[in-house]
Amino acid sequence: MAAVAKNLRAEAEDGEPQQNAVPGLESQRWQIENGEDGRERPLRAGESWFLVEQRWYKQWEVYVQGGDKDSSTFPGCVSNAKLFEDEVNWHLKKGLVEGEDYVLLPAAAWHYLVSWYGLKHGQPPIERKVVELRGICKVEVYPVELLLVQHSDMETPHTAQFSHTDSIDRVLRTAREQFLVSPQEETRLWVRNAEGSFERLCNTRVTVLDAALKSGQLVVMETRSKDGTWPSKQPRAVSATSKEDENFQGQPGICGLTNLGNTCFMNSALQCLSNVPQLTEYFLKNRYLEELNFCNPLGMKGEIAEAYADLVKQAWSGHHRSIVPNVFKTKVGHFASQFLGYQQHDSQELLSFLLDGLHEDLNRVKKKEYVELCDAAGRPDHEVAQEAWQNHKRRNDSVIVDTFHGLFKSTLVCPDCGNVSVTFDPFCYLSVPLPVSHKRVMEVFFVSMDPRRKPEQHRLVVPKKGKISDLCVALAKHTGVSPERMMVADVFSHRFYKIYQLEESLSSILDRDDIFIYEVSGRSSITENTKEDVVLPIYLRERTPARDYNNSYYGLMLFGHPLLVSVPRDRLSWDALYHILLYRLSRYVTKPSSDDEDDGDEKDTEGKNGIPKPGNGGAAGSAQDPVPEQAGPSSGVAGGSRALADNSPGPSHWPQRARRKHLFTLQTVNSNGTSDRSNLNEDTQAQPYIAIDWEPEMKKRYYDEVEAEGYVKHECVRYVLKKAPVRLQECIELFTTVETLEKENPWYCPSCKQHQLATKKLDLWALPETLIIHLKRFSYTKFSREKLDTLVEFPIRDLDFSEFVIKPQNESAPELYKYDLIAVSNHYGGMRDGHYTTFACNKDSGQWHYFDDNSVSPVTENQIESKAAYVLFYQRQDVARRLQPKPQQGSSDPPESPACDSPPKPELMDIN
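Residues numbered from 1 in each chain as written. Predicted model: local features only at pLDDT ≥ 70, side-chain atom pairs only at ≥ 80, totals over all residues. Heavy atoms only, no water.

Before going further, it helps to examine the overall build of the protein. Across its full length, the protein carries 20 helices and 40 strands. Out of the 912 residues in the protein, the part that is buried amounts to 49%. Put simply, 72% of the contacts in the protein that link residues at least 6 apart link residues at least 24 apart. Counting only carbon and sulfur atoms, one obtains 48% of the accessible surface of the protein, whose full area is about 45600 Å². (Helix = DSSP H or I, 4+ residues; strand = E, 2+ residues; numbered from the N terminus. Buried < 20%, exposed > 50% of the residue type's maximum accessible area, 1.4 Å probe, protein only. Contact = heavy atoms within 4.5 Å. Areas by Shrake-Rupley, 256 points an atom, 1.4 Å probe, with all protein chains shown as cover.)

Structure, rendered in structure tokens:
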């Protein structure tokens, strides 16, 4: 029987039905029903089955079972007429049921029947695919019918059928073929959902079933415009200016980016990345479309890559003077909340996020396997390096890895047991430190005890890690005043923000702080814990009658510069203090004449107003104290009295204030100068602060504000302290220098079984095609943040890394270690109010341009190097030569690019 079936199959394959080729009826029945290609065999995904009308098939069964070839039950040609709605479009009727309306036959059985009986003229065969849905194979009788339209013509749909297992890419290819789209044009699909809105079909690798497409849905094919934009993204209201720009044709890549509000950091990073030739070509030639990774949990569902691709295509279309990156900004903020809003950020931080996001969105590894990191354990470096790179590529394989990733060698040495750990780690950019000076320049104001001298501004050079005492020593060299006779204070908003101790660190003082150094008395007693002088902090306040609330601070406003005044302990009476302060203010406070004084006998005032006589209170002194001139510079405090609260009398020890009216009144206050301490139940040992309270009329009459604010500049201020420039190679050397780990980041030694402050050394093993060098200009400490404005000298061409790469080198290919500059991200200004711009070399013209948001202008090479250089982009010379367009035969050689020339290179990074 098997031999007979084989012969019948061979006869059936001849095509046209011939009487002598038709097997016997029993053989026919067996072949169609029970043979290995009969209808009883199981379904296999991907194969074709055919529908046969149930009525015709039943008639055929009766005919073959009768055994008479000449019987009147002969079915005639195969006919499926009752399965079609009409005989024009040949659409299958809806709601057909297997076993009632039709039977299914595998392809071989169908072809046998057609070869034996023929197919009714004009009828198409009803071929359907076997699909596997959720592990079950079934014949897809009703495929999905989609209405395909173009974005430019939504009124003319084209109906096309697709299997549930067809990919969206097939839908796209069908649409491109239907609408005659050229291979060079980029297209994408949208689908209209039940609500009437449109959704992007981003992932073209998913099936029609996974995309939840249903029959009758409208699928729109959109074609990218020549200017790099998508028609769906263009605003409906087009301005007159943009209409004028419709026909603009400029140099591709010479396109500005609009500042959306503190987004210059983003614009700078984008311009740098856009001018990396191989990355830009990757997007312009649509190679990214095949590598979009929509299922990577570490990625951004391809959205960052697509948003960046849109920017690149617009910038390099040559049809824009500038573009608005608002869609890209929105995407970045969505996936990285730190970039939400319109605060200023760091271009290098944005660049780091973008490179990582592009890598994960374009990662060719769809399912990352677990890889265990291995230590060298005494193996040769080249073997460990190769293993590390292969492990890295098993999880990370993208155009970003191909272009920007290199390899470090990291060596850790335990200080206790000497255990050495060697690992090789990938990197995307080098963050190199700048050589930091151990000196620091500080500006201070020196306030002499001599009231006739104005405050002096000094510029001092001190150790960066020094103490307050070092600041006093440096000032002593300029003033001749002993450091022991100085007190240092931070003045803010007319009050003392902090009074420093000599042993405190200078790092707690910020460059923006207003530092005053006061000269005080140097007298001290023999007894260590007893001081002859008291240093009093003095504030100036003006009474504001309109807001005078029962002597509370709301009616008093601080003004002017506070003072630190030395007062002999034996003169702590209010009246004596009044005269001492009047003397200290004599440069800008006019001394009243005797006619201006209120009536009253000074001698009687002492007793009448309760100023204690010697021996009657916690402090001695009276109106009989020496005249102010005698209480001037000779008055002071001992050098050891900088701890102001030590042994100084609290408010309870102070005599009552004199009620006799002078130019001003005195009041004990808190350290803010805002509360009357005599009304508070405070610690009696707390340091007293004294406020000089002025009535507005008295202040206007006797206080010279212009003179009070006056100061002079010491000759040292005129000197400009120049910082010597450093070479980029010095920064790289510093990067590879041995360092000891910080306490916050110890290393766990597997030999000692404990965390150790090991020594660490980083070496360069393999360098990428494009090397990003981040100059660490911003310094952060516990107390301060500063920007280093050191000029770093970096070469435009021939940056040679051969002396830094420790991997055995290929001496026959020196270009593998030489780099040319292609872009620079600049930062101007300080920590809080900086601005970012870009220098970049155009990959097509070789011309350098300066990108300042939406402004672009050509520049020369000698303009590129500056103190603002922050992130440098270098391209390896062999890559530059490989990317150069080859000259046509008979044409002259193209001009050399300022930053793009060198010989061919292997496609993969050579690790060994």
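Another aspect to go through is the pattern of salt bridges. In the structure shown here, the tally under the stated rule is 44 salt bridges. Residue Glu769 pairs with Arg882 through a salt bridge whose shortest N-O separation is 3.7 Å. On the criterion of sequence distance, the pair formed by Glu769 in the loop between strand S30 (759-766) and strand S31 (770-776) and Arg882 in helix H20 (residues 877-883) is long-range, its members being 113 residues apart. Given a relative accessible area of 26%, Arg882 falls into the partly exposed group. The salt bridge partner of Lys843 is Asp844, with a shortest N-O separation of 3.1 Å. A relative accessible area of 19% means that Lys843 is categorised as buried. Residue classification places Asp844 among the partly exposed residues on the basis of a relative accessible area of 48%. Through salt bridges that share partners, Glu291, Arg364, Lys393, Asp397 and Asp402 make up one connected network. (Salt bridge = Lys/Arg side-chain N within 4 Å of Asp/Glu carboxyl O.)

So, on to the sheet that holds strand S3 (residues 127-133). Spatial ordering of the open sheet is given by S2-S1-S3-S4, a layout of four strands whose pairing is antiparallel. If you trace the sheet from one side to the other, it starts and ends with strand S2 (102-106) and strand S4 (136-139), each paired once. Across this sheet, the average inter-strand angle for adjacent strands is 35°, counted without regard to direction. Across the face of the sheet, helix H4 (residues 107-117) comes into contact with strand S1 (48-53) and S2 while running at roughly 105° to S2. (Pairing = 2+ DSSP bridges. Axes fitted to C-alpha atoms, helices over the stretch in contact; angles between N-to-C directions.)

Strand order in the open sheet made by the six strands is S18-S17-S19-S15-S16-S25, with mixed pairing throughout. Two strands bound the open sheet, and with one partner strand each, they are strand S18 (495-499) and strand S25 (712-713). Note: strand S16 (residues 456-463) against S25, two bridges, orientation parallel. Looking at the pairing, Gln457 lines up with Lys713 of S25.

Over its 13 residues, helix H3 (residues 54-66) extends 18 Å from the first C-alpha to the last, a length consistent with the 18 Å expected when each residue adds 1.5 Å. Those residues of H3 that are buried are in contact with helix H2 (25-33), S1, S2 and H4. Of the residues trailing H3, Gly67 is marked for its positive phi of about 80°. (Expected span 1.5 Å × (residues − 1).)

If you look at the biggest cluster of nonpolar residues, it comprises 52 residues, and the most contacted ones within it are Leu273, Phe283, Tyr308 and Phe873. Not counting residues within four places of it along the chain, the set of residues in contact with Tyr308 comprises Leu270, Leu273, Ser274, Leu279, Phe283, Phe328, Leu354 and Leu358. (Core = buried A, V, L, I, M, F, W, Y, C linked by side-chain atoms within 4.5 Å.)

As for its position among the elements, Cys202 is in the loop between strand S8 (198-200) and strand S9 (218-223). On the accessibility criterion, Cys202 (29% relative accessible area) is partly exposed. Residues Cys202 and Leu292, 90 residues apart in the sequence, show an inter-C-alpha distance of 9.2 Å. Residue contacts for Cys202: discarding those within four places in its chain leaves Phe294 and Glu306.

Further remarks concern the packing of aromatic side chains. Enumeration according to the criterion identifies 32 aromatic pairs in this entry. A centroid spacing of 5.2 Å and a plane angle of 5° characterise the contact between Phe50 and Trp110, whose relative ring orientation is stacked. Residue Phe50 is located in strand S1, and its partner Trp110 is located in helix H4; the two are separated by 60 residues in the primary sequence. Looking at Trp110, the relative accessible area reads 3%, which means it is buried. Ring centres of Phe559 and Tyr703 lie 5.2 Å apart, and the angle between their planes is 90°; this geometry places the pair in the edge-to-face category. Of this pair, Phe559 sits in the loop between strand S21 (556-558) and strand S22 (563-568) while Tyr703 sits in the loop between helix H17 (696-702) and helix H18 (705-709); the two residues are 144 residues apart in sequence, bridging distant segments of the chain. Residue Phe559 shares its accessibility class with Tyr703, and that shared class is buried. (Phe/Tyr/Trp six-rings, centres within 6.5 Å; stacked < 30°, edge-to-face > 60°.)

Moving on, we come to the environment of Ser79. Looking at where Ser79 falls in the secondary structure, it is placed in the loop between H3 and S2. On the accessibility criterion, Ser79 (10% relative accessible area) is buried. Along the backbone, Ser79 and Gln54 are 25 residues apart, and their C-alpha atoms lie at a distance of 9.9 Å. Ignoring any residue separated from it by four or fewer positions in sequence, one finds Ser79 in contact with Glu53, Trp56, Lys120 and Gln123. Reaching out from Ser79, the side chain makes a polar contact with the backbone nitrogen of Ala81 at a distance of 3.5 Å. A polar atom in the side chain of Ser79 sits 3.4 Å from the side chain of Gln123. (Polar contact = N/O pair within 3.5 Å; in protein donor to acceptor, adjacent residues only side chain to side chain.)

Moving on, we come to the side chain of Lys409. Summarising the element assignment, Lys409 is placed in strand S12 (residues 406-413). Its relative accessible area of 14% is what places Lys409 among the buried residues. A distance of 2.8 Å separates a polar atom in the side chain of Lys409 from a polar atom in the side chain of Asp381. With residues near it in sequence (within four places) discarded, Lys409 still touches Asp381, Val422, Thr423, Phe424, Lys761, Leu762, Asp763 and Ile806.

Quick look at a negative patch on the surface now. Together, Glu730, Glu733, Glu793, Glu803 and Glu865 line one region of the surface with negative charge. Tracing the backbone shows Glu730 in helix H19 (residues 728-735). Overall, Glu730 belongs to the partly exposed group, its relative accessible area being 31%. (Patch = residues over 30% accessible without salt bridge, like charges linked within 9 Å, V, L, I, M, F, W, Y side chains within 5 Å. Lys, Arg positive; Asp, Glu negative; His and termini not counted. Charge placed at Lys NZ, Arg CZ, Asp CG, Glu CD.)

Across three bridges, the pairing between S1 and S3 is antiparallel. By the bridge assignment for S3, Ser48 is matched with Lys129. Once S3 ends, the chain turns through two residues before running back antiparallel as S4, passing Arg134 with a positive phi of about 55°.

Before going further, it helps to spend a moment on the pairing of S31. The buried count for S31 comes to six of seven residues, which makes it a mostly enclosed element. As paired elements, strand S14 (residues 430-433) and S31 share four bridges and run parallel to each other. Directly across from Leu430, in S31, lies its bridge partner Ile773. Examined bridge by bridge, S31 and strand S40 (residues 869-876) share five bridges and lie antiparallel to one another. Of the residues in S40, the one forming a bridge with His774 is Val871.

Between H2 and H3, whose axes approach to 8 Å, the crossing angle comes to 135°. Taken as axis vectors, H2 and H3 run oblique relative to one another. From H2, Leu25, Gln28, Arg29, Ile32 and Glu33 reach across to H3, where they touch Tyr57, Trp60, Glu61, Tyr63, Val64 and Gln65. Grouping the constituent residues of the contact of H2 with H3 by class yields six nonpolar, two polar and three charged. (Parallel < 35°, antiparallel > 145°, perpendicular 65-115°, else oblique. Nonpolar A, V, L, I, M, F, W, Y, C, P; charged D, E, K, R; others polar.)

On to the side chain of Asn203, then. For Asn203, the location among the structural elements is in the loop between S8 and S9. Of note is the side chain of Asn203, whose polar atom sits 3.1 Å from the backbone nitrogen of Arg205. In this view, Asn203 contacts Ile168 and Phe294; residues no more than four positions away in its chain are not counted.

Despite not being glycine, His494 has its phi angle at roughly 70°, a positive value. You can call His494 partly exposed: its relative accessible area is 34%. Backbone geometry at Asp853 places phi at a positive 55°, although glycine is not the residue there. With relative accessibility at 11%, the residue Asp853 sits in the buried group.

Considering every residue of the protein, the mean pLDDT works out to 81; 81% of them sit at 70 or more. In this model, residues 524-530 is a region of pLDDT below 50 whose contacts with residues beyond four sequence positions or in other chains number six contacts. (pLDDT = per-residue confidence, 0-100.)

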